[in-house]
Amino acid sequence: MSLELINRSPDIKKLRNEGYEVSIHGAYLVITNVPYVDANKQVKKGTLVSDITIGAGKAAPPRSHVAYFAGSYPCNADGTVIQSIRHASSPNVLGGIRVDHSFSNKPQGGYADYHSKMTQYIRIISNPARAIDRTATAKTFKVCKDIGDDSKFVYLDTNSSRSHIDYITEKVKDQKVGIIGLGGTGSYILDKLAKTKVAEIHLFDGDTFLQHNAFRAPGSATLEELDQGMQKVDYYAIKYGLMHRAIIPHDSYVDQSNLSVLDALDFVFISIDRNEPKKFIFERLISLGIPFIDVGMGVDRVNDALTGMLRVSLCTLQNAKNFMDSKRISFADEEDEGAYNDNIQIAELNALNACLAIIKWKKLFGIYHDNEEEYNATYSINVNSIHNEDHGT
């Protein structure tokens, strides 16, 4: 991915061909061994970093004129700091590289490309070093090893890099996550989960993707796709495999006969209508110490309008006993098989239920702050409120 992006981007390729030590770390352009002068008037080497804007598989014009630097603050030849580029000094981690300072130098009209941006900063930083040592140069012609892109994305996550939160989103990158049930809510859970850096996403469902599913699923299915009568797991694995490399379909329902398929997972989302299998799934996950979230939705017709509630319930080892004893989740199914077909499913409610579940999962693993630490939350449609219960410590 790194070399491919460099070779497709004439401006970055030009930097490399001119001898700069260019590499791509995640969604950041990095130039190492940039000479500068420190406060003691000594020539040192630092690292210049910029986030990358990508379009059509190559670098687009930079959206920001700000650059970042790893090293002590660059100074003039006399040891006084270079004030013309001063922006902020605070440690941060970008693309796995710890940076110490950010610089601001914006020419009229901005930078046309990354060659003009990076060489401009290098000139400002390195000219004082050349005044002390004429051999000081960032053009080392050293061949940089392609570090590759070890994420599970097919293309770089420039959204996180634009906001400089990639080090926060990496908190879940080693997780193997399962989604049991790819109905309305489960499909939206996948939609959000596929945009995270988790290691694997396992899909469990034995149903076929039918026309009514398309009206409560993210995105748009084509007539040709509907005519194929694909299994849900295969349909969604193809759709989201365009973005995430590790989506693994399991064309079966999870029941007592195959519970072992859950054993290697780190977290599970459960979004199924039938209640009876939940008991066995819950017990298996609790016995293995695997945390999970169960979601539920009840929508009814009242006075020619719809009302109801959405539920998100988290289970960890800390609240497992109370979770099973709470009676919030029934383990008995309706005797009328047609009751499942009559369940009201609305796309925006499915999406909201999924978003609440994903947010709770991210809170659990430190991506979002969580002051409430509730294990159960219900959203009431008609009064537009969320009620939190079973608070942790």
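This report concerns the structure included in the present document. (Residues numbered from 1 in each chain as written. Predicted model: local features only at pLDDT ≥ 70, side-chain atom pairs only at ≥ 80, totals over all residues. Heavy atoms only, no water.)

### Brief notes about the packing of helix α6 (residues 184-193) against helix α13 (residues 347-364)
Our working definition: Interaxial angles span 0 to 180 degrees and are taken between N-to-C directions of axes, which are lines fitted to C-alpha atoms, for helices over the stretch in contact. The way it works is that DSSP assigns letters per residue, a run of H or I at least four long becomes a helix, a run of E at least two long becomes a strand, and they are numbered from the N terminus. If an angle is under 35 degrees, it is roughly parallel; if it is over 145, roughly antiparallel; if it lies from 65 to 115, roughly perpendicular; otherwise it is oblique. When the near helix sits turned anticlockwise from the far one by under a right angle, the crossing is termed left-handed; a clockwise turn instead gives a right-handed crossing. Contact between two residues is taken to exist if any of their heavy atoms lie within 4.5 Å; hydrogens are not considered. Polar here means any residue other than Ala, Val, Leu, Ile, Met, Phe, Trp, Tyr, Cys and Pro, which are nonpolar, and Asp, Glu, Lys and Arg, which are charged; Gly is therefore polar.
Where α6 contacts α13, the two axes come as close as 8 Å, and the packing angle between them is 50°. Classified by the angle between their axes, α6 and α13 sit oblique to one another. Every pair of crossing elements has a handedness; the one defined by α6 and α13 is right-handed. In this structure, α6 uses G184, T185, Y188, I189, K192 and L193 to contact α13, whose residues at the interface are A347, N350, A351, N353, A354, C355, I358 and W361. Tallied by class, the residues present in the contact of α6 with α13 amount to nine nonpolar, four polar and one charged.

### Topic: the pattern of salt bridges
Where we set the bar: We define a salt bridge as a side-chain nitrogen of Lys or Arg found within 4 Å of a carboxyl oxygen belonging to Asp or Glu. Accessibility here uses a 1.4 Å probe with only protein chains present; expressed as a share of the type maximum, an area under 20% marks a residue as buried, one over 50% as exposed, and anything in between as partly exposed.
A full pass over the atoms with the stated rule returns 16 salt bridges. A salt bridge links D294 to K278; its shortest N-O distance comes to 3.2 Å. Here K278 lies in helix α10 (residues 276-288) and D294 lies in strand β13 (residues 292-302), a separation of 16 residues in the sequence. Looking at D294, the relative accessible area reads 0%, which means it is buried. Two residues, K279 and E283, come together in a salt bridge whose shortest N-O distance is 2.6 Å.

### Some thoughts on the pairing of strand β8 (residues 97-104)
Test applied: Pairing between two strands requires that DSSP report at least two bridges joining them.
Most of β8 sits inside the fold, with six of its eight residues counted as buried. By the bridge criterion, six bridges tie strand β7 (residues 86-94) to β8 in an arrangement that is antiparallel. Across the sheet, the residue bridging to R86 is F103, located in β8. Taken together, β7 and the strand that follows it, β8, pair antiparallel across an intervening segment of two residues, in which G95 is found at a positive phi of about 60°.

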